Amino acid sequence: MIGASVFSREISQIENNEIVAMLEIVFNNAPPQFWTKPASSTMKYHPDSSNVNGGLVVHTKQVFYIAKAILDAKMDLLLTDRDIVLASCLLHDIYKYDFSSSQYTVRNHGIGGVEFINNLKPLREFFASTYKSPPSWYLEILKCVKSHNGKFTKEYTGFFDEAQTIVHLADWIACQRWCYFDLTKLK
Ligand SMILES: [Fe+2]
């Protein structure tokens, strides 16, 4: 199964209808390998639950639910927009594999992901019909995608705000070899 419906459970937890529309457009135009490949092409990183066919989807869900757990802890994250964090988690690895048939992941796939999303024609048409200029939530999501490798993002040297920090930490935790994820345990 491919397309936005794979994430229907997660997308239904996002309140902003425009962010939902954006997610559906991006997922319905994602590189085909996003749906079929393991999260780690070398199998050196990520738990076994993500190193299977379709493991990148499993990993994406894991990052989403780790971030959700952080948000649900209701600490003093006053500046954080929940929808922006959750949407960024869903999109962070959208370009981990490109449109080639290469078995290897794309270097700088955070930056590649931003370029991929930004150049999507249906998304540009959606924005043109709705906004005069890209909305702030969209720019925030792109920032989180771009910097999702945290301090390992050589090309991003700026400040990490709360949303960026949560997205990176959720990804970092989900990449640990010991962090097995059992989708059947989701409530
Ligand atoms: Fe990731």
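Definitions and cut-offs
- Note that residues are indexed from 1 along each chain, following the sequence as it is written.
- In keeping with the model being predicted, local features are shown solely for residues with a pLDDT of at least 70 and side-chain atom pairs are shown and tallied solely at 80 or more, while totals for entire chains, interfaces and linings include all residues.
- For helices the rule is a DSSP run of H or I covering at least 4 residues; for strands it is a run of E covering at least 2, with both sets numbered from the N terminus onward.
- Here the radius of gyration uses the C-alpha set of atoms, whereas the globule reference equals 2.2 Å times the residue count to the power 0.38.
- Contact between two residues is assigned when their C-beta atoms, built from the backbone, lie within 7 Å.
- Counting other C-beta atoms within 10 Å of its own, a residue is labelled buried from 20 upward, exposed at 12 or fewer, and partly exposed in the gap between, with every C-beta atom placed from the backbone.
- Linking buried Ala, Val, Leu, Ile, Met, Phe, Trp, Tyr and Cys residues through C-beta atoms within 7 Å yields a set, and such a set is a nonpolar core.
- As a rule, the C-alpha atoms of each element are fitted with a line to give its axis, helices using only the stretch in contact, and angles between N-to-C directions run from 0 to 180 degrees.
- To sort the angles, those under 35 degrees are grouped as roughly parallel, those over 145 as roughly antiparallel, those from 65 to 115 as roughly perpendicular, and the leftovers as oblique.
- For this classification, the nonpolar set comprises Ala, Val, Leu, Ile, Met, Phe, Trp, Tyr, Cys and Pro, the charged set comprises Asp, Glu, Lys and Arg, and every other residue, Gly included, is treated as polar.
- Left-handed describes a crossing in which the near helix is turned anticlockwise from the far one by less than a right angle; the clockwise case is right-handed.

Turning our eyes to something else, we now look at the overall build of the protein chain. Assigned secondary structure in the protein chain consists of eight helices and zero strands. Taken over C-alpha atoms, the radius of gyration comes to 15 Å for the protein chain, in line with the 16 Å a tight globule of 187 residues would show. In terms of overall dimensions, the protein chain has C-alpha extents of about 45 × 40 × 35 Å along its principal axes. A sequence separation of at least 24 residues applies to 62% of the contacts in the protein chain between residues at least 6 apart.

This part covers unusual backbone geometry. Glycine aside, negative phi is the norm for most residues, and most peptide bonds take the trans geometry. The phi dihedral of H46 falls on the positive side, at around 80 degrees, and the residue is not glycine. Topologically, H46 is positioned in the loop between helix 2 (17-27) and helix 3 (55-72). At N108, a residue that is not glycine, the phi angle is positive and equals roughly 55 degrees. The residue N108 is located in the loop between helix 4 (82-91) and helix 5 (109-118) in this model.

Of all 10 residues in helix 5, seven are buried, a share of seventy percent or more. Those residues of helix 5 not exposed but buried are H109, G110, G112, G113, V114, F116 and I117.

Judged by nonpolar contacts, the single largest core of 39 residues is most densely connected at A67 and C89. Listed by contribution, the elements that provide at least two residues to this core are helix 2, helix 3, helix 4, helix 5, helix 7 (136-146) and helix 8 (162-174). Here this core gets eight residues from one element, more than from any other, and that element is helix 3. Not counting residues up to four positions away in its chain, the partners in contact with C89 are V63, F64, A67, V167 and A170.

Attention now moves to the packing of helix 2 against helix 4. Between helix 2 and helix 4, the least distance of the axes is 11 Å, while the angle of their chain directions is 0 degrees. With respect to their mutual orientation, helix 2 and helix 4 come out roughly parallel. Across the interface between the two elements, I19, L23 and V26 from helix 2 touch D83, A87, L90 and L91 from helix 4. Here the residues of the contact of helix 2 with helix 4 are counted per class, giving six nonpolar, no polar and one charged.

Before going further, it helps to examine the packing of helix 4 against helix 7. Taken N-terminus to C-terminus, the directions of helix 4 and helix 7 make an angle of 50 degrees; their axes are 9 Å apart at the nearest point. It follows from the interaxial angle that helix 4 and helix 7 lie oblique. Of the two elements, helix 4 crosses helix 7, and the hand of that crossing is right-handed. Where helix 4 approaches helix 7, its residues I84, A87, S88 and L91 are matched on the opposing element by W137, E140, I141, C144 and V145. Residue composition of the contact of helix 4 with helix 7, grouped by class: seven nonpolar, one polar and one charged.

Our next topic: the environment of P38. Along the polypeptide, P38 turns up in the loop between helix 2 and helix 3. Taking the C-beta count within 10 Å as the criterion, P38 has 22 such neighbours and is therefore assigned buried.

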